[in-house]
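These are the residues of each chain, in order.
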Amino acid sequence: MAVSKMSRTTHEDDVAFEDDTFDFGEPEVIPVEIAPGKFLCLKEPSADDLIEISRISEDRKISEVEATLQTICILHSPSAGQKRLSLKDAKRLRAKQLKMLGEAINQLLGLGGDEEEA
């Protein structure tokens, strides 16, 4: 009969692990004015966010526009009291709003044009 060994962690091990996590600080948040006086805030993506975005981008079953909408939903950083942006709501964004949000995403990912125009 095979015997499997299971390691058992104690509460002290769990507490030590929780106290030992690294503080990376808060992500950058960019408010994007999507209508006069109305802002949609996007946060700098974490590694988990980037993994999720990568999975979306690799999905050949969805269009580039839908992948962009899903990315916006992942990066949405609601203010206190606001609800998270759903894909259903994101599909109501207009082209100019999508362009502004895309520019903000590029800036957060370090892909934006930081070069000065001549």
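Criteria and thresholds
Every chain's residues receive numbers from 1 upward, in the order its sequence appears when written. Where local features are concerned, this predicted model is filtered to residues with pLDDT of at least 70; where side-chain atom pairs are given and counted, the filter is 80 or more; whole-chain, interface and lining totals use all residues. Side-chain calculation: all heavy atoms of the structure are included, whereas hydrogens and water are not. Salt bridges are identified by distance alone: a Lys or Arg side-chain nitrogen within 4 Å of an Asp or Glu carboxyl oxygen. Three labels apply to residues, based on accessible area from a 1.4 Å probe with only protein chains included: buried if under 20% of the type maximum, exposed if over 50%, partly exposed otherwise in between. Two strands are counted as paired when DSSP detects at least two bridges linking them. Put simply, DSSP H or I for four residues or longer makes a helix, DSSP E for two residues or longer makes a strand, and each gets a number counted from the N terminus.

Caption draft 1: Local environment of the pattern of salt bridges. Summed over the entire model, instances satisfying the criterion amount to 4 salt bridges. Among the ionic pairs, R92 bridges to D89, the shortest N-O distance being 3.4 Å. Take R92: its relative accessible area is 65%, and that puts it in the exposed class. When salt bridges with common partners are traced through the structure, they connect K83, D89 and R92 into a single cluster.

Caption draft 2: Region of interest: the pairing of strand β2 (residues 38–43). Relative to β2, strand β1 (residues 29–35) runs antiparallel, the two sharing 6 bridges. Directly across from V32, in β2, lies its bridge partner L40. Between the end of β1 and the start of β2, which pair antiparallel, lie 2 residues, with G37 showing a positive phi angle near 80°.

Caption draft 3: Summary view of the environment of S54. Tracing the chain through its elements places S54 in helix α2 (residues 47–58). With 17 residues separating them along the chain, S54 and T71 place their C-alpha atoms 9.5 Å apart.

Geometric descriptors of this kind do not, in isolation, establish any biological role.
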